[in-house]
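# Secondary and tertiary structure notes
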Amino acid sequence: MPHLKPIKVISVVDEEPTVLQNREENQPLSPMARMFHQPESNVYIVTMIGFKSKINPEVVKANLEHSLLKHHRFSSLQVVDEKIEGGLKWVPTKVNLDDHVIVPNLEPKLIDSPDKFVEDYTSSLSQTGIKMSMPMWDLHLLNIKTSDAESVAVLRVHHSLGDTKTPLKGELGNGCLPRRFVHRSVSLDDVKLVKNAMNTTINDVMLGVTQAGLSRYLNRKYGQLNIINGLSERNNNLPNNIRLRATFFMNLRPSAGIQELANMLKKDSKAKWGNQIGYLIFPFTIALRDDPLDYLREAKVAMDRKKASLEASFSYFLSKSFLKFGNKAASFPSETTLWFSNVMGPKEEISLYGYPIAYVAPSCSGQPNGLMIHVVSYANKMTFVLSVDDGLIPDPHQLCDDLEESLHLIKNASLLKDIN
């Protein structure tokens, strides 16, 4: 595929592979990695990758040997050792790829709805963990055609390896409950049009669209509650002064965006591998606005104020300090309504082991809330990826509809603004 840019995984690096492996051999897990083993932060990264062609599992396995397994964390156990700081250390092991690469025997002709099948399959992964007697990752290859891909891979990685009270409010400790993962792609050009018209950032636009979409969704939910309670449904069914608080995750590395694995493995790299994540508490004001652009204006003011603070850096420092001194209370916020993350993806279409990628949809399971929203760009698309508690949000596709419609309304309002 000459028109596609391949994913560069391991190229020439400054150190021998054995040195790279030995750098963390028998070393304790970092404070941030240990945080992801706390009961309320036992989080897995779940990434759905759609391909434009069928995938050959043997080709994938052969390439994994020379790419992913070169990284020590994907070929090491996390072993309990009470004698070291934090009680967990990295111990290299021989990886049996047959234990990690799962290829279900599918009969596509017997599957009525491939999209629903993939959705249910991915949801089932949120109900199980990966045992610590093996490196904590697995890859599921589904050779089934869906509405937006010819085949799908689902990569599940425990976040310790990672780089990377409304109708929505979940209960503490609900990380093991089933979660459903859905995604919806919109035009990145539409997002950029709004950004330029309003002189804001792409992040501001996506926050504004999310605030608008959640307002539409919750207004409908409260309207349905009114009907159940014998009240009449109105245009505006929202309670006064309703506000959602989101844990907004921020990348604290000096180098933003997606980096090549080879660069991340270099000794003095500014984009070194590991969890370098800060967070801030972002308020989503839920209301129906006559002017759709008000959602964007409100989001920009709130985010500019947050950016001017040291909240994200301080939260990262505080979490590391708690864990360094053995405080097991350190975890990500569990009293926020949702988690939100916005990631810049590849600007061009890419391929993985020669297979062209149609979409990338990263998400998480194990978090103690009812909703997580990832927003990720890829080529000319922007994708909303929702991870929802099945019991709290039984209709995540409706929320996707509301997010997409909100972008449409904000885009039209920005065009009218330019005309006026």
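Residues numbered from 1 in each chain as written. Predicted model: local features only at pLDDT ≥ 70, side-chain atom pairs only at ≥ 80, totals over all residues. Heavy atoms only, no water.

## What about the overall build of the chain?
A count of helices and strands for the chain gives eleven helices and 15 strands. Every one of the 420 residues in the chain was classed for burial, and the buried ones make up 53%. Summed over its atoms, the accessible surface of the chain is roughly 19600 Å², and 53% of this surface lies on carbon and sulfur atoms. (Helix = DSSP H or I, 4+ residues; strand = E, 2+ residues; numbered from the N terminus. Buried < 20%, exposed > 50% of the residue type's maximum accessible area, 1.4 Å probe, protein only. Areas by Shrake-Rupley, 256 points an atom, 1.4 Å probe, with all protein chains shown as cover.)

## Re the environment of Phe74
Tracing the chain through its elements places Phe74 in the loop between helix H3 (57–65) and strand E3 (76–80). For the pair Phe74 and Val157, spaced 83 residues apart in the sequence, the C-alpha separation amounts to 9.1 Å.

## Section: the side chain of Ser387
Residue position: Ser387 is located in strand E15 (residues 381–389). Judged by relative accessible area, Ser387 falls into the buried class, the value being 0%. In terms of polar contacts, Ser387 uses its side chain to reach the side chain of Arg179, at 2.7 Å. Excluding residues that lie within four positions of it along the chain, Ser387 makes contacts with Arg179, Arg180, Phe181, Ser363, Cys364, Gln367, Gly370, Leu371 and Met372. (Polar contact = N/O pair within 3.5 Å; in protein donor to acceptor, adjacent residues only side chain to side chain. Contact = heavy atoms within 4.5 Å.)

## Things to note about helix H6 (residues 188–198)
Taken residue by residue, H6 has Leu188, Val191, Val194, Ala197 and Met198 as its buried positions. The elements touched by buried residues of H6 are strand E8 (179–187), helix H7 (202–228), helix H9 (293–307), E15 and helix H11 (396–419). Following H6 by one or two positions, Asn199 has its phi on the positive side, about 55°.

## A look at the packing of H6 against H7
At a minimum axis separation of 9 Å, H6 and H7 run at an interaxial angle of 105°. If you check the angle between H6 and H7, you find them roughly perpendicular. Of the residues in H7, those in contact with Leu188, Val191, Lys192, Val194 and Lys195 of H6 are Ile202, Val205 and Met206. The class makeup of the residues in the contact of H6 with H7 is six nonpolar, no polar and two charged. (Axes fitted to C-alpha atoms, helices over the stretch in contact; angles between N-to-C directions. Parallel < 35°, antiparallel > 145°, perpendicular 65-115°, else oblique. Nonpolar A, V, L, I, M, F, W, Y, C, P; charged D, E, K, R; others polar.)

## Structural notes on the packing of aromatic side chains
Applying the stated rule across the entire model yields seven aromatic pairs. When the ring of Phe51 is compared with that of Tyr355, the centres are 6.3 Å apart and the planes differ by 75°; the resulting orientation is edge-to-face. Exposure class is identical for Phe51 and Tyr355. Each is buried. Seen from their ring centres, Phe117 and Tyr121 are 6.2 Å apart, and the 35° between their planes marks the pair as tilted. (Phe/Tyr/Trp six-rings, centres within 6.5 Å; stacked < 30°, edge-to-face > 60°.)

## Description of the environment of Asp304
By the element assignment, Asp304 lies in helix H9. The exposure class assigned to Asp304 is partly exposed, which follows from its relative accessible area of 34%. Remark: the alpha-carbon pair of Asp304 and Asp204, spanning 100 residues in sequence, is separated by 9.1 Å.

## Concerning the pattern of salt bridges
Across all of its chains, the model carries 21 salt bridges by this definition. Between Asp120 and Lys116 there is a salt bridge whose closest N-O contact spans 3.0 Å. Of this pair, Asp120 and Lys116 both sit in helix H5 (residues 114–125), four residues apart, roughly one helical turn. By relative accessible area, which is 31% here, Asp120 ends up partly exposed. Judged by its relative accessible area of 41%, Lys116 is partly exposed. Here Glu404 ties to Arg184 by a salt bridge, and the two come within 2.8 Å at their closest N and O atoms. Of this pair, Glu404 sits in helix H11 while Arg184 sits in strand E8, and the two are 220 residues apart along the sequence. By relative accessible area, Glu404 is classed as partly exposed at 35%. Classification of Arg184 as buried rests on a relative accessible area of 19%. (Salt bridge = Lys/Arg side-chain N within 4 Å of Asp/Glu carboxyl O.)

## Some remarks on unusual backbone geometry
Note: most peptide bonds trans; most residues except glycine with negative phi. The phi torsion at Asn199 lies on the positive side, around 55°, for a residue other than glycine. A residue is classified by how much of its surface remains accessible, and Asn199, at 67% relative accessible area, is exposed. Phi is positive for Ala379, close to 55°, though the residue is something other than glycine. In this structure, Ala379 sits in the loop between strand E14 (371–378) and E15. Since its relative accessible area comes to 17%, Ala379 is described here as buried.

## A look at the side chain of His158
One can find His158 in strand E7 (residues 151–158). At 2.7 Å, the side chain of His158 forms a polar contact with the side chain of Ser160.

## Here we look at the confidence of the model for the chain
Averaged over every residue, the pLDDT of the chain is 82; residues scoring 70 or more account for 76%. Below pLDDT 50 for its whole length, residues 6–21 participates in 32 contacts with residues either more than four positions away or in separate chains. (pLDDT = per-residue confidence, 0-100.)

## Observations concerning the packing of H7 against H11
Where H7 contacts H11, the axes come no closer than 8 Å and their chain directions differ by 125°. Classified by the interaxial angle, the pair formed by H7 and H11 is oblique. Of the two elements, H7 crosses H11, and the hand of that crossing is right-handed. Of the residues in H11, those in contact with Gly208, Val209, Thr210, Ala212, Gly213, Leu214, Arg216, Tyr217 and Arg220 of H7 are Gln398, Leu399, Asp402, Leu403, Glu405, Ser406, Leu407, Leu409 and Ile410. When grouped by side-chain class, the residues that make up the contact of H7 with H11 number nine nonpolar, five polar and four charged. (Left-handed = near helix turned anticlockwise from the far one by under 90°.)

## Focus on H5
Taking 1.5 Å per residue as the helical rise, H5 with its twelve residues ought to reach 16 Å, and the 17 Å between its terminal C-alpha atoms agrees with that figure. Turning to H5, its buried residues number three or more, namely Val118, Glu119, Tyr121, Thr122, Ser123 and Leu125. Contacts made by the buried residues of H5 are with strand E2 (44–51), strand E5 (101–102), strand E6 (137–142), E7, E8 and H11. (Expected span 1.5 Å × (residues − 1).)

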